[in-house]
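# Commentary on secondary and tertiary structure
What follows is the residue order along each chain.
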Amino acid sequence: MALTDNKQNIKKVVLAYSGGLDTSAIMPWLKENYDCEVVAFAADVGQGDEELEGLHDKAIASGASECHIVDLKEEFVSDFIYPTITTGAVYEGEYLLGTSMARPVIAKAQVEVARKVGADALSHGCTGKGNDQVRFEGAFAALAPDLQVIAPWREWDMVSREDLLDYLASRDIKTTASATKIYSRDANAWHISHEGGELEDPWCEPSKQVWTMTTDPEDAPDTAERISLTFFEGRLTHVNGIALSPYQALVELNQLAAPHGVGRIDIVENRLVGMKSRGCYETPGGTVLMKAYKALECLVLDKSALKFREQLALEFAHVMYDGRWFTALNDALLASAASFAQLVTGEIVVKLYKGQATVVQRQSPNSLYSEDFATFGADDVYNQSHAEGFIRLFSLSSRIKALKQK
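The structure presented is a predicted model; accordingly, all values stated were derived computationally and were not measured.

## Observations regarding the overall build of the protein chain
The helix and strand tally for the protein chain stands at 14 helices and 14 strands. Expressed along its principal axes, the backbone C-alpha trace of the protein chain runs to roughly 85 × 55 × 45 Å. Taken across its 406 residues, the protein chain has 49% of its residues classed as buried. Summarising the internal contacts of the protein chain: among those between residues at least 6 apart in sequence, 73% fall at separations of at least 24. Just so you have it, the protein chain exposes about 20000 Å², and 52% of that area is on carbon and sulfur atoms. Of the charged side chains in the protein chain, 39 are positive and 57 negative, and the gap between their average positions amounts to 6 Å.

## Some details on helix α8 (residues 246–257)
Each full turn of the α-helix corresponds to 3.6 residues, which orients residues three or four apart in the same direction. With 12 residues, α8 extends 17 Å between its outermost C-alpha atoms, agreeing within 8% with the 16 Å of an ideal straight helix rising 1.5 Å per residue. Within α8, the full set of buried residues consists of Pro-246, Tyr-247, Ala-249, Leu-250, Leu-253, Asn-254, Leu-256 and Ala-257. At its buried positions, α8 is contacted by α4 (73–87), β8 (225–232), β9 (235–239), α9 (284–300) and β13 (346–353).

## So, the environment of Ile-26
Checked against the element boundaries, Ile-26 lands in helix α1 (residues 21–34). Once residues lying within four places of it in the same chain are set aside, the contact partners of Ile-26 are Leu-15, Ser-123, His-124, Gly-125, Pro-152 and Trp-156.

## Side note on the packing of α4 against helix α10 (residues 303–321)
Taken N-terminus to C-terminus, the directions of α4 and α10 make an angle of 140°; their axes are 8 Å apart at the nearest point. In terms of orientation, α4 lies oblique with respect to α10. Residue-level inspection shows Thr-84, Thr-86 and Thr-87 of α4 in contact with α10, the latter providing Arg-309, Leu-312, Ala-313, Phe-316 and Met-320. Of the residues that constitute the contact of α4 with α10, the class distribution is four nonpolar, three polar and one charged.

## A word on the pairing of β13
Pairing analysis gives seven bridges linking β8 to β13, with the strands arranged antiparallel. In the strand pairing of β13, Leu-229 is matched with Ile-348. Of the strand pairs in this sheet, β13 and strand β14 (residues 356–363) are connected by seven bridges, and their pairing is antiparallel. Bridging from a neighbouring strand, Val-349 pairs with Gln-361 of β14. Between β13 and the antiparallel strand that follows it, β14, lie two residues; Lys-354 among them carries a positive phi value of about 50°.

## Here we look at a nonpolar patch on the surface
On the surface, Phe-390, Ile-391 and Phe-394 cluster together to form a nonpolar patch covering roughly 380 Å² of accessible area. Tracing the backbone shows Phe-390 in helix α13 (residues 386–394).

## Digging into the side chain of Lys-73
Counting through the fold element by element, Lys-73 comes out in helix α4. Within the local environment of Lys-73, its side chain forms a polar contact with the side chain of Asp-71, the two groups lying 3.0 Å apart. Each residue touching Lys-73, except ones within four places of it in the same chain, is listed here: Asp-44, Val-45, Gly-46 and Tyr-247.

Conventions used here
- Residues numbered from 1 in each chain as written.
- Predicted model: local features only at pLDDT ≥ 70, side-chain atom pairs only at ≥ 80, totals over all residues.
- Heavy atoms only, no water.
- Helix = DSSP H or I, 4+ residues; strand = E, 2+ residues; numbered from the N terminus.
- Buried < 20%, exposed > 50% of the residue type's maximum accessible area, 1.4 Å probe, protein only.
- Contact = heavy atoms within 4.5 Å.
- Areas by Shrake-Rupley, 256 points an atom, 1.4 Å probe, with all protein chains shown as cover.
- Lys, Arg positive; Asp, Glu negative; His and termini not counted.
- Charge placed at Lys NZ, Arg CZ, Asp CG, Glu CD.
- Expected span 1.5 Å × (residues − 1).
- Axes fitted to C-alpha atoms, helices over the stretch in contact; angles between N-to-C directions.
- Parallel < 35°, antiparallel > 145°, perpendicular 65-115°, else oblique.
- Nonpolar A, V, L, I, M, F, W, Y, C, P; charged D, E, K, R; others polar.
- Pairing = 2+ DSSP bridges.
- Patch = residues over 30% accessible without salt bridge, like charges linked within 9 Å, V, L, I, M, F, W, Y side chains within 5 Å.
- Salt bridge = Lys/Arg side-chain N within 4 Å of Asp/Glu carboxyl O.
- Polar contact = N/O pair within 3.5 Å; in protein donor to acceptor, adjacent residues only side chain to side chain.

Printed below as a string of structure tokens:
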């Protein structure tokens, strides 16, 4: 049955509300087309106080009966970012999954608000072209299959920013948006993404106005800075020797790495819905954190364990990107990564310089590195003649094949 056939059954909707142009228009549209009460829900995932300032009053002025702004910053970093780091997941070789990681914690909180206020439907402002509609609705299906989902961009006849602005103007609803907005941005504690404008042409180099979080590497300090990261069983506990909560540690890394221009990428990626899109991402602290974590892994995991973790990373990157957090596969992959993470304890020193984050020192009580064995100098622990027998056995199948061909 189509969603529109159930309009008469919907009395209260919880809308994922940002205060931007789309959700500002969705608020009155829901009331007009579904004749329902609309409760606004906003998630604080570290996008910045300026993004949340005045949001409650704006939601009420736009027609919301209530506005719930939920602080998810620590939960986001501790329960979604840190577990993802243990998998080593990087989508298509570069993207550190900043938008993807935020969606399940936001969707989960939206469902919790819906239960609290007794809503019978959920709504979001995701377009029918993007990944986020899948991520949100996949989470809704797993957490609240009884609640209906309303996706206005798949229902209404508005197709442009101008249409939305005209719609709001006709109802005397104020908005700070304009028809000349250049970029579409999404920010949280982990990163900020940029799409639109000149970025829609993959031949066009991003202008300086695209980037908002990091210093241009060409303008970064001429002196390198070294920072220390301390991990315990896969979780970052200290930055430069100071104990910090997961969120505060990430904030500190962002503040340290951004002035050095660390964490910029410019990619063309494959969206889940089938099309390619071009985006620029800034992930300064996250880039440092991932580099440090992987360097520590290389110190404590043996060859076969690290190989399996790398295979896990490839699979998990797609699980996260595709919005499959609340699935059995996700649980299994995270459990596997957590078993390796138990060994990831130690300290890493990272050098920040002109857009680069380079690991320069590493130590761990679980280190498998032995200078006695690895030295190029004389040693008393490794008999090099033993390698001959190993090589003969390791290459035995190749030798047999060659002999058969004679």
